[in-house]
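Observations on the three-dimensional arrangement
Each chain, letter by letter, is given below.
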Amino acid sequence: MSLLKRLSGEVSTPNNHQDGGAGMLRSPSTPVKRVPTPVQPTGTDTYQDLKSRVQAKLLSTLDPSMDVTKVAEVRRTIQELFEQILNEENIVLSRPERARMYEQIVAEILGFGPLQPLLEDDTITEIMVNGARNIYVERRGKIQRVPLSFEDNDHVMRIIERIVAPLGRRVDESSPYVDARLPDGSRVNIVIPPISLVGPVITIRKFARNPITVDQLIQFGSITPEAIQFLDACVKARINIVISGGTGSGKTTLLNVLSGFIPPDERIITIENAAELQLRQEHVVTLESRPPNIEGRGEITIRQLVINALRMRPDRIIVGEIRDEAALDMLQAMNTGHDGSMTTCHSNSPRDTLARIETMTMMAGMDLPSRAIREQIASAIDLVIHQERMRDGTRKVVSISEITGMEGEVITMTDLFVFEQTGYENGKVIGRLRPTGLRPKFMEKIESAGIHLPPSIFGMMERRR
Ligand SMILES: Nc1ncnc2c1ncn2[C@@H]1O[C@H](COP(=O)(O)OP(=O)(O)OP(=O)(O)O)[C@@H](O)[C@H]1O
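An account of the accompanying structure is given in this report. Not measured: the values here are computed from a predicted model.

Let's shift gears to the overall build of the chain. Counting its regular elements, the chain contains 14 helices and 15 strands. Residue burial in the chain is summarised as follows: out of 465 residues, 48% are buried. Sequence-distant contacts in the chain: of pairs separated by 6 or more residues, those separated by 24 or more amount to 56%. A total of about 22900 Å² of accessible surface is found on the chain, and carbon and sulfur atoms cover 51% of it.

The following block contains the structure:
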């Protein structure tokens, strides 16, 4: 991509105002007028003014046809021009200020402006922009404000344009919120005024370059080694699993870890809204749903992909998240020999998970009686693992429950592991995921897969033979 193309979505139109109103985005095809701008230090310059003017002069001098994908080369050219401008204009900056301004200008030209250093910081898992002046991040489960800001709401909108334009998406008054993705796979949600009253809002769930491992889950206290041993056996024995929990409770992360237990000789089909799973196995087919285009056409739903996956000779179907009528097809897949399937579902408790799956199945409009749907759920799903984001920011598995059948109109569940909180000390939740002393009914399935689990895993004493 040429520099001109990249920048052509970036210059504000004269009627762009700081109010962050919709319509701030200009058409990416509007040509950019490139007039060299002299830098005029006024003596009363703030750092921000100075940076903006050095940047403007630098941009007016850069070759617009330069290929910005050649990052190292572009960085070198920017560095040379930057030094030259500072010298020509007699701008004196301390060494750290100079380095900071150079990096910020590079981030504006090649990256995502003030978001760039946050995107490069591996300790940050989430970035939240609430208008130009308020940027928050999440580190180790805790939200904190960072001392960074955009110049104004127009600046935020230019970065938003840079995120959505390459995807052929648009954010404006007619579609004031959009889901998008950064080139590194990070998930982005954008909401602009008038829907947002605080200016343009960007929420980024960063793509983990190094996905959380089983050992880390244990080390973080998210799960116990015994529960992991049990879940490993469940995955290998092709138990159908739903991982449930609230937003950001770590469902996808756990799904990724559990998927790692699938034997390497199986054909796995993953279906997601935005591909987040990072399976290590070789034989994986990754499918991603697609939102409608600007004309409202071309949508491919999770439901269509689940139906299609059945024709792809899957050994396992893994659906990133069930959030609509695709639940019906997922249940049917689980009930028709595609054992060992896994998915996640947004919910507040294991029981709520079942209620939501029932509601989502009804959305398929098949007019099935509740009882029939519940029977489908009870026979399709074997295990519900519920995860929570605790008040100290940690993510923990709080229950592992088996679906045992139906009693009258009600699906019956048995808790096999339950998190017992024993205290809250120094801002930390104290407790442990404990076995309840009950063995799952599907134990036979685990044993017939050749896996022997000691009864102690379930909190039972091993019987002498
Ligand atoms: N056990 C864990 N310990 C610490 N951090 C975790 C854990 N699990 C997940 N995380 C972090 O929490 C964030 C949310 O994780 P994840 O995407 O798995 O949650 P989710 O429940 O699938 O989210 P959503 O509902 O938004 O899809 C990520 O940044 C992830 O790295």
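From this point on, the discussion continues.
Among the 5 residues of strand S11 (residues 342-346), 4 are classified as buried, and the element is accordingly described as predominantly covered. Where strand S7 (residues 241-245) meets S11, 5 bridges bridge the pair, whose relative direction is parallel. Bridge pairing in S11 places Gly245 opposite His346. As judged from the 2 bridges shared by strand S10 (residues 316-319) and S11, these two strands associate in the parallel manner. Bridge assignment links Ile318 to a residue of S11, and that residue is Met342. The handedness of the S10 to S11 crossover, carried by helix H11 (residues 326-335), is right-handed.

Further remarks concern the sheet that holds strand S6 (residues 201-205). Here we have 6 strands laid out as an open sheet, ordered S3-S2-S1-S6-S5-S4, and antiparallel in their pairing. With one partner strand each, in any of the chains shown, strand S3 (142-145) and strand S4 (177-181) form the two edges of the open sheet. Neighbour to neighbour, the strand axes of the sheet diverge by 20° on average, direction disregarded. Sheet topology places strand S5 (residues 187-191) next to S6; 5 bridges connect them, and they run antiparallel. Note that in S6 the partner of Arg187 across the bridge is Arg205. Strand contacts of helix H6 (residues 153-164): strand S1 (124-130), S4, S5 and S6, with the helix running at about 135° to S5, the strand carrying the most contacts.

So, about the packing of helix H2 (residues 47-61) against helix H4 (residues 95-110). Two elements in contact, H2 and H4, have axes whose closest approach is 10 Å; the angle formed by their N-to-C orientations is 55°. In this view, H2 runs oblique relative to H4, as classed from their interaxial angle. In this structure, the crossing between H2 and H4 has a hand that is right-handed. Contacts between H2 and H4 pair Tyr47, Leu50, Lys51, Val54, Gln55, Leu58 and Leu59 from the former with Glu97, Arg100, Met101, Gln104, Ile105, Glu108 and Ile109 from the latter. Looking at the contact of H2 with H4 residue by residue, the class counts come to 8 nonpolar, 2 polar and 4 charged.

A few words now on the site of the ligand. Contacts to the ligand come from 16 residues, most closely from Arg205, Ser222, Lys251, Thr252 and Thr253. In the environment of the ligand, an oxygen atom lies 3.1 Å from a nitrogen or oxygen atom belonging to the backbone of Ser249. For the ligand, the accessible surface in isolation is 630 Å², of which the surrounding protein chains cover 89%. Counting residues per element, the shell around the ligand draws most heavily on helix H9 (residues 251-259), at 3 residues. By residue class, the composition of the shell around the ligand is 3 nonpolar, 9 polar and 4 charged. Three or more residues apiece are contributed to the shell around the ligand by two domains, here domain 1 (114-208) and domain 2 (214-458).

With that settled, the discussion passes to the nonpolar core. Counting residues in each nonpolar core, the largest one holds 42 residues, and the members touching the most others are Phe230, Ile241, Leu258, Leu383, Ile385, Ile400 and Ile446. Within the residue set of this core, elements represented by two or more residues are helix H8 (225-236), S7, H9, strand S12 (383-389), strand S13 (395-407), strand S14 (410-425), strand S15 (428-435) and helix H14 (443-448). With 7 residues, H8 is the single largest residue contributor to this core. Among residues more than four places away in sequence, those in contact with Leu383 are Phe230, Leu231, Cys234, Ile239, Asn240, Ile241, Val242, Ile400, Ser401, Glu402, Leu416 and Phe442. Residues Ile302, Leu305, Val319 and Met334 belong to the second largest nonpolar core, which totals 30 residues.

In terms of burial, H11 is a largely internal element, 8 of the 10 residues being buried. Within the sequence span of H11, burial applies to Ala326, Ala327, Leu328, Asp329, Met330, Leu331, Ala333 and Met334. Lining the buried residues of H11 we find S7, helix H10 (302-309), S10, S11, helix H12 (350-362) and helix H13 (370-380).

Following Pro193, the chain continues into Pro194 via a peptide bond in cis, with omega recorded as 5°. Mapped onto the secondary structure, Pro194 falls in the loop between S5 and S6. Positive phi, normally seen in glycine, also occurs at Asn90, with a value near 55°. Position of Asn90 among the secondary structure elements: in the loop between helix H3 (71-88) and H4.

All right, on to the pairing of S15 then. If a strand is regular, its side chains alternate between the two faces of the sheet. Across 8 bridges, S14 lies against S15 in antiparallel orientation. Bridge assignment links Gly423 to a residue of S15, and that residue is Ile430. Linkage of S14 to S15, two consecutive antiparallel strands, is achieved through a turn of 2 residues, within which Asn426 is found at a positive phi near 45°.

This part takes up the packing of H11 against H12. Relative to each other, H11 and H12 sit at 105°, their axes nearing to 6 Å. The angle between H11 and H12 falls in the class roughly perpendicular. Contacts from Ala327, Leu328 and Leu331 of H11 reach H12 at Ile357, Met360 and Thr361.

Position of Lys396 relative to the elements: it lies in strand S13. Buried Lys396, no salt bridge; nearest opposite-charge side chain is Asp392, N-O distance 5.1 Å.

Moving on: the sheet that holds S14. One open sheet accounts for 9 strands, arranged S9-S8-S10-S11-S7-S12-S13-S14-S15; its pairing is mixed. Looking along the sheet, the strands with just one partner apiece sit at the ends: strand S9 (284-288) and S15. With direction set aside, neighbouring strand axes in the sheet form an average angle of 25°.

This part takes up H3. Counted at 1.5 Å a residue, the expected span for H3 with its 18 residues is 26 Å, and the 25 Å between its end C-alpha atoms agrees. Those residues of H3 that fall on the buried side of the exposure criterion are Val74, Ile78, Leu81, Phe82, Ile85 and Leu86. The arc that holds the buried residues of H3, viewed along the axis, is 135°, so those residues lie on one side. Opposite its buried face, H3 presents the exposed residues Ala72, Arg76, Glu80 and Asn87, each directed more than 90 degrees away. Lining the buried residues of H3 we find H2 and H4. Once H3 finishes, Asn90 follows within two positions and takes phi at roughly 55°, a positive value.

Definitions and cut-offs
- Residues numbered from 1 in each chain as written.
- Predicted model: local features only at pLDDT ≥ 70, side-chain atom pairs only at ≥ 80, totals over all residues.
- Heavy atoms only, no water.
- Helix = DSSP H or I, 4+ residues; strand = E, 2+ residues; numbered from the N terminus.
- Buried < 20%, exposed > 50% of the residue type's maximum accessible area, 1.4 Å probe, protein only.
- Contact = heavy atoms within 4.5 Å.
- Areas by Shrake-Rupley, 256 points an atom, 1.4 Å probe, with all protein chains shown as cover.
- Pairing = 2+ DSSP bridges.
- Right-handed = clockwise from strand over helix to strand, strands pointing away.
- Axes fitted to C-alpha atoms, helices over the stretch in contact; angles between N-to-C directions.
- Parallel < 35°, antiparallel > 145°, perpendicular 65-115°, else oblique.
- Left-handed = near helix turned anticlockwise from the far one by under 90°.
- Nonpolar A, V, L, I, M, F, W, Y, C, P; charged D, E, K, R; others polar.
- Near = heavy atom within 4 Å.
- Polar contact = N/O pair within 3.5 Å; in protein donor to acceptor, adjacent residues only side chain to side chain.
- Domains from an automatic or database assignment.
- Core = buried A, V, L, I, M, F, W, Y, C linked by side-chain atoms within 4.5 Å.
- Lys, Arg positive; Asp, Glu negative; His and termini not counted.
- Salt bridge = Lys/Arg side-chain N within 4 Å of Asp/Glu carboxyl O.
- Expected span 1.5 Å × (residues − 1).
- Arc of directions from axis to C-beta.

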